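The primary structure of each chain is shown beneath.
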Amino acid sequence: MSNFFNKIKQGVSDAGKKAQNTVESTTLKFQAAAKEKEIEKNYTEIGRIVHQSLEKPDGTIPSAEIQKYREAIFALEEEVEELQRKIQHLQNLKECGCGKMLPADATYCPFCGQQFHTVVVQPAAVSNSIPKSAYCTKCGEPASFSDHFCRSCGHKLQHE
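Residues numbered from 1 in each chain as written. Predicted model: local features only at pLDDT ≥ 70, side-chain atom pairs only at ≥ 80, totals over all residues. Heavy atoms only, no water.

A few words on helix α1 (residues 2–55). If you check α1, its first and last C-alpha atoms are 80 Å apart, about what 54 residues at 1.5 Å a residue would give, namely 80 Å. Inspection of α1 places S25, L28, A32, I39, N42, E45, I46, I49 and S53 among the buried residues, and these make up the whole buried set. (Helix = DSSP H or I, 4+ residues; strand = E, 2+ residues; numbered from the N terminus. Expected span 1.5 Å × (residues − 1). Buried < 20%, exposed > 50% of the residue type's maximum accessible area, 1.4 Å probe, protein only.)

This is the structure we're talking about:
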């Protein structure tokens, strides 16, 4: 009976951690969105400066003034990147070179086949109850029908 209560306790604890991560992720997303709006305001201000300077008779563009906004944009972009890294960490995700977001434990990208680190793969038994196309033919790991490459061994999948 105590094992049952321990499982319930663990489930509640896990749900609480997931809820906390969701709240933190949402907060970070709002912060990133606010910084992206600031970036857009800086771009708009650069455009305003250029437009006004081109209306003047000499048409010179004040590069020092524009440089101030460019530096602000670069700083804000770095802050947004850091917030995105924190969000990815909280959501247990990593980004592949092809731009897709994947679970942090993926060793191969199912979309482009990129390997994240070398692993020794042990072939797994394939169950006959699920169609063959739902498994990697090389290592036997389950695969989604949308995957082009196995998440475990990187083998190119051929769905039937």
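Further remarks concern the nonpolar core. Within soluble globular proteins, side chains that are nonpolar generally end up buried alongside one another. Counting residues in hydrophobic clusters, the biggest one holds 8 residues: I39, I46, I49, I66, Y69, I73, L76 and V80. Of all elements in the fold, only α1 and α2 (63–90) reach the threshold of two or more residues within this core. The greatest single-element share of this core, amounting to 5 residues, is contributed by α2. Beyond its immediate chain neighbours, meaning those up to four positions away, I73 contacts I39, N42, Y43 and I46. (Core = buried A, V, L, I, M, F, W, Y, C linked by side-chain atoms within 4.5 Å. Contact = heavy atoms within 4.5 Å.)

For the pair α1 and α2, interaxial distance at closest approach is 9 Å and the crossing angle is 165°. It follows that α1 is roughly antiparallel to α2 by the angle criterion. Regarding α1 and α2, the two cross each other, and that crossing is left-handed. Here the residues of the contact of α1 with α2 are counted per class, giving 16 nonpolar, 5 polar and 11 charged. (Axes fitted to C-alpha atoms, helices over the stretch in contact; angles between N-to-C directions. Parallel < 35°, antiparallel > 145°, perpendicular 65-115°, else oblique. Left-handed = near helix turned anticlockwise from the far one by under 90°. Nonpolar A, V, L, I, M, F, W, Y, C, P; charged D, E, K, R; others polar.)

Here we take up the environment of S63. Along the chain, the position of S63 falls in helix α2. Sequence separation of S63 and V50 is 13 residues, and the distance between their C-alpha atoms is 9.3 Å.

Here the focus is the packing of aromatic side chains. Counted under the stated rule, the structure contains 0 aromatic pairs. Just above the ring of F116 sits the side chain of K94; from NZ or CZ to the centre is 3.9 Å. (Phe/Tyr/Trp six-rings, centres within 6.5 Å; stacked < 30°, edge-to-face > 60°. Lys NZ or Arg CZ within 6 Å of the ring centre and 35° of its normal.)

Confidence in the prediction for the protein averages 83 pLDDT; 87% of positions are at 70 or higher. Summarising per-element confidence for the protein, the mean pLDDT is lowest in strand β1 (residues 93–95) (83) and highest in α2 (93). Every residue in residues 124–133 is under pLDDT 50, and counting partners more than four places away or in other chains gives 11 contacts. (pLDDT = per-residue confidence, 0-100.)

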